[in-house]
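Coordinate inspection notes
Chain by chain, the residues run as shown.
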Amino acid sequence: MSRDKLACHTIGGKVIKLKSHSLVGVPQILESRYNAAEIEPKWQQQWSVSEIDVTSEPDERPKFYALSMFPYPSGNLHMGHVRNYVITDVIARLKRMQGYRVLHPMGWDAFGLPAENAAIDRGIPPAQWTNQNIAQMRQQLQQLGLSIDWHREVATCSPEYYKWTQYLFIKFLEAGLAYQKEAAVNWDPIDQTVLANEQVDSEGRSWRSGAIVERKLLKQWFLKITDYAEQLLQNLDQLDGWPERVKTMQANWIGKSVGAYLEFPVVGMEEKIAVFTTRPDTVYGVTYVVLAPEHPLTPQVTTDQQQEAVAAFIEEIKNESEIERTAEDKPKRGIPTGGKAINPFNGEEIPILIADYVLYEYGTGAVMGVPAHDTRDFKFAREKNLPIKTVIVPVGAIRESPLQDAYTEPGIMVNSGQFDGVPSAEGKTKIIEYAEQQGYGKAKIQYRLRDWLISRQRYWGCPIPVIHCPSCGIVPVPEPDLPVELPEQVELSGRGGSPLAHLDNWVNVSCPSCGEPAKRETDTMDTFIDSSWYFLRYSDASNNNTCFESHKVNDWMPVDQYVGGIEHAILHLLYSRFFTKVLRDRGLLNFDEPFQRLLTQGMVQNVAYKNLTTGRYIPLEEVDPEDPKDPETGEKLNVFYEKMSKSKYNGVDPQQVLSKYGADTARMFILFKAPPEKDLEWDDADVEGQFRFLNRVWSLVTSYNPNSSTSPAEKLTKTEKDLRRAIHTAIAEISEDLQGDYQFNTAISELMKLSNALKDAQCQDSPIYQEGIETLVLLIAPFAPHIAEELWHQLGKTESIHHQPWPQVDKSALTVEEITLVIQIMGKTRGTIQVPANSDKAALEKCATESELAQRYLAGKEIKKVIVVPNKLVNFVVAK
Ligand SMILES: [Zn+2]
């Protein structure tokens, strides 16, 4: 098997080693017209040749790891990508200027169904389709002027990468964290594959094919993420730089609940029905128990009379997905089995039912029904005419009143034997203690999180590196034999389960342990595994001897700033955290959490036109924005902003914007239009606005002659002082905006203010003006790197601007000696006084009160209140 044909060629461009970081050659000075089409490719070429973006070896500088979530190589860059990568790029460039050694890599999440589907549709091998797309997207990314170290590029579909994915899988297997079990799975009847729960939407449809998902029993591989549930929950506290809502989503997904495990004996049988409840205090209100239809006790407890009905019910729900069965808004279906259980607390006989909403895979596969105190149970009991028994009443309730709905609040226990009168919170503990004494229950913690199903019956994924031997069982492929490569020349039809299973030559091998005939595993891994460790690989991307050297991964990790979409708030981030913890426990790395700070950037939206009668979206170019009508029917169209997408016909192709205005304008617009975490509404006029701003900066800088600067005077004139204040205010404000929350939009506003101040300044030959021009170009460099580099060189500099230190604030330049303060009495201006600038409120109040002006107007009056507006006015409110 030749590796070359299938390999994703990950590194583009040739490598030319240079000793110094100075740029090669003196760039040609262009005529004084801003021409992005000319300067952008020129500098991209220079940067590539001089290897300006190559990651430094460790030195005395602090490290900064800036990372964008890597894309799926669909072939075309969309605006959402552009926004994501530009945000990370500004951060990376800023941190370099601020004295950090920066790691800013890029790669491709390259396995997955679309490549396989494309192969089926067009007859192109998935590897070829993927590689073409990668090449195309890499070229588009390069046009954006991203300061990416392309030497560290990874593609998860290349054997050089997935060899280590397999190696890590074996680490999980050795640790007992990877196992196989028969499981009811979500089966996509169109793609003919198993889906993870999270790949099924709220309507029970496949996230990709849209087919209604069926249930099927299959032997599957799982990773034991549940072993790490508590740590994954607890360590959310360490993630100060994460959005609260992402942490909440993760906590809810893990879904810890504290409660009791209780056993209900079955009448006439030895067996007991185990349930988990978070409300043991309501146990005297149990009026029935419900088993999952798949529960092994179901056939045993079903009476002869009910057998037919139970069988029919099981048949009816057999193909329903878990999502459908548990959907909140759907009526719950269930029927009696005829069997009875005993509530061990009061000895009452209660009916045993089966219902669709109880899942065998979740918890014990059985629940107790307490209709009086659980909303779902209340509805179910009403529909099924099951008794409703109140056992908790509100504190201070005189007597029980018939319930209109479940009472789910805390209260006082009633109808609960020896526990009557006990507050419900206290009752939880008492009931558990009592159950433990009696031997029918105990305290228990349960998580909603379940083990991660990673088997896929698909071709274009990482092969699971194990061999099934009739004598030895599951045998991992020995490390020297890794990677288990994907075979070529595979017939892909999209049907009939795993394509690998049909390749006899590939499947049949001898057992690495005993040498007898054995078979390869034919499942491939969920692509979420590939993306659960790629951020670690970047630290040592070309290592062929191991997945990464510990000292390298420990040096660069954790990622200091991770940027990506909110759609990854749960799975990708949770799986990555899980992998990190497992690899830490296996001694491969030494930190607990992979991502220090997380920025979830908002969507890029555009106007969409929809005909509400037909439900059809109308392409932008067919609609007159002044009078939006359906070109076919003439009906008035509904106009609103929606995420750019093909189906809404409202996408803007980044390529068009790049061709028309250049990357710098596109970057400036995206950064200026909205704070990074908020949705961004596309606006052509604002793109134009940023283009004009860059043109103004261009003429401002190119019309300046650096040789005209005179030597510094001993004392600055007022004009010079004002300009210097504007320069250092800009440095202070922008530096602050770019700290922590990265408010790029307000930072760009400050750049505009500084450019206006320079335009208006009447001191072009002053060294302060030179300081201003240079500072403006330096401050703009992370945002619009090409124009900044060009202007920097036009100012006579020879080193790259991207290796210059970030400008420092001179605080003394910020002070204004004196300002004029307005004195008001009851809101009426009575005069002004001169006060020291930037005084605090207390100082201003003191100055004002002691002023001759105030003394005169306030004589004999009682001051009720003093309102101070710093740097502006003091208003005295007096008694009438
Ligand atoms: Zn064997």
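Per chain, residue numbering runs from 1 following the sequence as it is written. Reporting in this predicted model follows two pLDDT cut-offs: at least 70 for local features of residues, and 80 or more for side-chain atom pairs to be given and counted; totals over whole chains, interfaces and linings ignore these cut-offs and use all residues. Side-chain measures here rest on the full set of heavy atoms in the structure, leaving out hydrogens and waters.

1. A short note on the overall build of the protein chain
- Looking only at helices and strands, the protein chain has 26 helices and 33 strands in total.
- In terms of principal-axis extent, the alpha carbons of the protein chain reach across some 105 × 90 × 65 Å.
- The buried label goes to any residue with under 20% of its type's maximum accessible area, the exposed label to any with over 50%, and the partly exposed label to all in between, with areas taken from a 1.4 Å probe on protein chains only. Buried positions account for 53% of the 880 residues belonging to the protein chain.
- Whether two residues are in contact is decided by their heavy atoms, any of which lying within 4.5 Å being enough. Counted over contacts in the protein chain with a minimum sequence separation of 6, partners at least 24 positions apart contribute 72%.
- As displayed, the protein chain has an accessible area near 39300 Å², and 49% of this comes from carbon and sulfur atoms.
- Here the protein chain contributes 93 positive and 118 negative side-chain charges, whose respective centroids are spaced 4 Å apart. Segments assigned H or I by DSSP are reported as helices when at least four residues long, segments assigned E as strands when at least two residues long, and all are numbered from the N terminus. Using a 1.4 Å probe, accessible areas were evaluated by the Shrake-Rupley method; residue-level cover was limited to the displayed protein chains. Residues scored as positive are Lys and Arg, those scored as negative are Asp and Glu, and His as well as the terminal groups of each chain are ignored. Where a charge lies is defined by one atom per residue type: Lys uses NZ, Arg uses CZ, Asp uses CG and Glu uses CD.

2. Observations concerning the coordination of the zinc ion
- For the zinc ion, the full set of protein donor atoms is Cys 469 (SG), Cys 472 (SG), Cys 511 (SG) and Cys 514 (SG), at a range of 2.2 to 2.3 Å.
- Because water is not among the atoms used, a metal site may look incomplete, as its donors are only the N, O and S atoms within 2.8 Å, or 3.2 Å for Na, K and Ca. Irregular is the label for any site that misses the other tests, which are tetrahedral for four donors with all angles between 85 and 135 degrees, and square planar for four donors or octahedral for six when opposite donors exceed 155 degrees and the remaining angles lie between 65 and 115. Taken together, the four donor atoms surrounding the zinc ion define angles of 107 to 113 degrees at the centre, an arrangement classified as tetrahedral.
- A relative accessible area of 6% places Cys 469 in the buried class.

3. Here's the deal with helix H17 (residues 571-585)
- The end-to-end C-alpha separation of H17 is 21 Å, in line with the 21 Å expected for 15 residues at 1.5 Å each.
- Within H17, 14 of the 15 residues are buried, leaving the element largely enclosed by the surrounding structure.
- Two residues or fewer past H17, Gly 587 is found with a positive phi of approximately 80 degrees. Expected span of a helix: the number of residues minus one, times 1.5 Å.

4. Quick look at the environment of Tyr 742
- Of note, Tyr 742 is situated in the loop between helix H21 (718-737) and helix H22 (744-760).
- For the pair Tyr 742 and Ile 618, spaced 124 residues apart in the sequence, the C-alpha separation amounts to 36 Å.
- Apart from the residues within four sequence positions on either side, Tyr 742 is in contact with Phe 64, Ile 91, Lys 95, Gln 561, Leu 599, Pro 676 and Asp 737.

5. So, the pattern of salt bridges
- Salt bridges, as used here, are contacts in which a Lys or Arg side-chain nitrogen is within 4 Å of a carboxyl oxygen on Asp or Glu. Per the stated rule, a full pass over the model turns up 41 salt bridges.
- Of the charged contacts in the structure, one is a salt bridge between Lys 629 and Asp 627, with a shortest N-O distance of 3.4 Å.
- Look at Lys 629 and you get partly exposed, because its relative accessible area is 39%.
- Given the relative accessible area of 33%, Asp 627 is considered partly exposed.
- Between Glu 774 and Lys 797 there is a salt bridge, and its shortest N-O distance comes to 3.0 Å. Note that Glu 774 is positioned in helix H23 (residues 767-780) and Lys 797 in the loop between helix H24 (785-794) and strand S30 (818-825), a separation of 23 residues in sequence.
- Classification of Lys 797 as partly exposed rests on a relative accessible area of 25%.
- Via salt bridges that share partners, Asp 59, Arg 61, Arg 101 and Asp 555 belong to a single interconnected network.

6. A closer look at the packing of aromatic side chains
- Each aromatic pair joins two rings of Phe, Tyr and Trp (for Trp, the six-membered one) with centres within 6.5 Å, and gets the label stacked for planes under 30 degrees apart, edge-to-face for over 60, and tilted for any other angle. Using the criterion set out here, one finds 37 aromatic pairs in the structure.
- Ring plane angle 70 degrees and centroid distance 5.8 Å describe the contact between Phe 64 and Tyr 100, whose orientation is recorded as edge-to-face. With Phe 64 in strand S1 (residues 63-68) and Tyr 100 in the loop between helix H2 (79-97) and strand S2 (101-103), this residue pair connects regions lying 36 residues apart in the sequence.
- Using a relative accessible area of 25% as the deciding quantity, one classes Tyr 100 as partly exposed.
- Centroid distance Phe 111 to Trp 460: 5.0 Å. Interplanar angle 80 degrees. Geometry classified as edge-to-face. Of this pair, Phe 111 sits in the loop between strand S3 (107-108) and helix H3 (113-122) while Trp 460 is found in the loop between strand S18 (455-456) and strand S19 (466-469), placing the two residues 349 residues apart along the sequence. Across the pair, exposure class does not vary: Phe 111 and Trp 460 are buried alike.
- Sitting over the face of the ring of Trp 187, Lys 216 holds its NZ or CZ atom 3.9 Å from the ring centroid. For a ring to carry a charge above it, either NZ of a lysine or CZ of an arginine must fall within 6 Å of the ring centroid while also lying within 35 degrees of the normal to the ring plane.

7. Thoughts on the side chain of Arg 152
- Position of Arg 152 among the secondary structure elements: in the loop between helix H4 (126-143) and strand S4 (154-155).
- Two N or O atoms form a polar contact when they lie within 3.5 Å of each other; inside protein one atom must be a possible hydrogen donor and the other a possible acceptor, and for residues adjacent in sequence the pair counts only when both atoms belong to side chains. Side chain to side chain, Arg 152 and Thr 55 meet in a polar contact 3.4 Å long.
- Not counting residues up to four positions away in its chain, the partners in contact with Arg 152 are Thr 55, Leu 103, Pro 105, Met 106, Tyr 538, Ser 539, Asp 540, Ala 541 and Trp 556.

8. Remarks on H3
- Listing the buried residues of H3 in full gives Leu 113, Ala 115, Glu 116, Ala 118 and Ala 119.
- Considering only its buried residues, H3 is in contact with H4.

9. Considerations on the packing of helix H19 (residues 663-673) against H24
- Contact geometry of H19 with H24 gives a least axis separation of 7 Å together with a crossing angle of 125 degrees. Taken together, the axes of H19 and H24 lie oblique to each other. From H19, Ala 663, Asp 664 and Arg 667 reach across to H24, where they touch Pro 785, His 786 and Ile 787.
- Three classes are used, and their members are as follows: Ala, Val, Leu, Ile, Met, Phe, Trp, Tyr, Cys and Pro are nonpolar, Asp, Glu, Lys and Arg are charged, and the others, Gly among them, are polar. Per-class residue counts for the contact of H19 with H24 are three nonpolar, one polar and two charged. Between the N-to-C directions of two axes lies an angle of 0 to 180 degrees, each axis being a line fitted to C-alpha atoms and, for a helix, fitted only over the stretch in contact. Orientation labels follow simple angle bins: below 35 degrees gives roughly parallel, above 145 gives roughly antiparallel, 65 to 115 gives roughly perpendicular, and whatever is left gives oblique.

10. Regarding the sheet that holds strand S11 (residues 334-342)
- What the four strands build is an open sheet, ordered S11-S12-S10-S13; its pairing is mixed. Single-partner strands in this sheet number two, and they are S11 and strand S13 (366-369). Here the average twist between neighbouring strands, direction ignored, is 30 degrees.
- A strand pair is defined by DSSP finding two or more bridges across the two strands. Sheet topology places strand S10 (residues 288-291) next to S13; four bridges connect them, and they run antiparallel. Each bridged residue has a counterpart across the sheet, and for Tyr 288 the counterpart in S13 is Gly 369.
- Packing against the sheet, helix H9 (residues 307-317) makes contact with S11 and strand S12 (349-355), and its axis sits at approximately 125 degrees to S11.

11. Here's the deal with the nonpolar core
- Phe 169, Leu 223, Trp 452, Leu 536, Phe 578, Trp 682 and Phe 783 are the most contacted members of the largest nonpolar core, which has 181 residues in total.
- Among the elements that take part in this core, H2 stands out by supplying 10 residues, more than any other.
- Setting aside chain neighbours within four positions, we find Phe 578 in contact with Phe 172, Leu 223, Lys 224, Ile 225, Tyr 228, Leu 232 and Trp 452.
- Throughout this description, the term nonpolar core refers to a set of buried Ala, Val, Leu, Ile, Met, Phe, Trp, Tyr and Cys residues connected via side-chain atoms within 4.5 Å. Among the nonpolar cores identified, the runner-up in size contains 36 residues, and Val 275, Phe 313, Ala 366 and Tyr 407 belong to it.

12. Things to note about the packing of helix H20 (residues 684-702) against H24
- Across the interface, H20 lies against H24 with an axial gap of 10 Å and an inter-helix angle of 10 degrees. Taken together, the axes of H20 and H24 are roughly parallel relative to one another. Together, Leu 694, Val 697, Trp 698, Val 701 and Thr 702 of H20 and Ile 787, Glu 790, Leu 791 and Gln 794 of H24 make up the contact between the two elements.
- When grouped by side-chain class, the residues that make up the contact of H20 with H24 number six nonpolar, two polar and one charged.

13. Focus on the sheet that holds S19
- Read from one edge to the other, the open sheet built from four strands follows the order S20-S19-S22-S21, with strand pairing classed as antiparallel. Among the strands making up the open sheet, the edge pair consists of strand S20 (473-476) and strand S21 (508-510). Each adjacent strand pair in this sheet contributes to an overall mean axis angle of 40 degrees, direction not counted.
- Bridging between S19 and strand S22 (residues 517-520) involves two bridges; their strand directions are antiparallel. Considered in S22, the bridge of His 468 is made with Lys 519.

14. Overview of unusual backbone geometry
- With an omega of 0 degrees, the peptide bond running from Leu 482 to Pro 483 counts as cis.
- Relative to the helices and strands, Pro 483 resides in the loop between S20 and helix H13 (504-507).
- Of note, the phi angle at Tyr 742 is positive, near 50 degrees, even though the residue is not glycine.
- Even without being a glycine, Met 826 presents a positive backbone phi close to 50 degrees.
- Its location among the elements puts Met 826 in the loop between S30 and strand S31 (828-836).
- Exposure remark for Met 826: the relative accessible area of 39% places this residue in the partly exposed category.

15. With respect to the confidence of the model for the protein chain
- Summary statistics for the protein chain give a mean pLDDT of 90 and a share of 95% for residues scoring 70 or more.
- Low pLDDT, under 50, characterises residues 1-31; the predicted model gives this stretch 73 contacts beyond four residues in sequence or across chains. Confidence scores per residue from the predictor, reported as pLDDT, run from 0 to 100.

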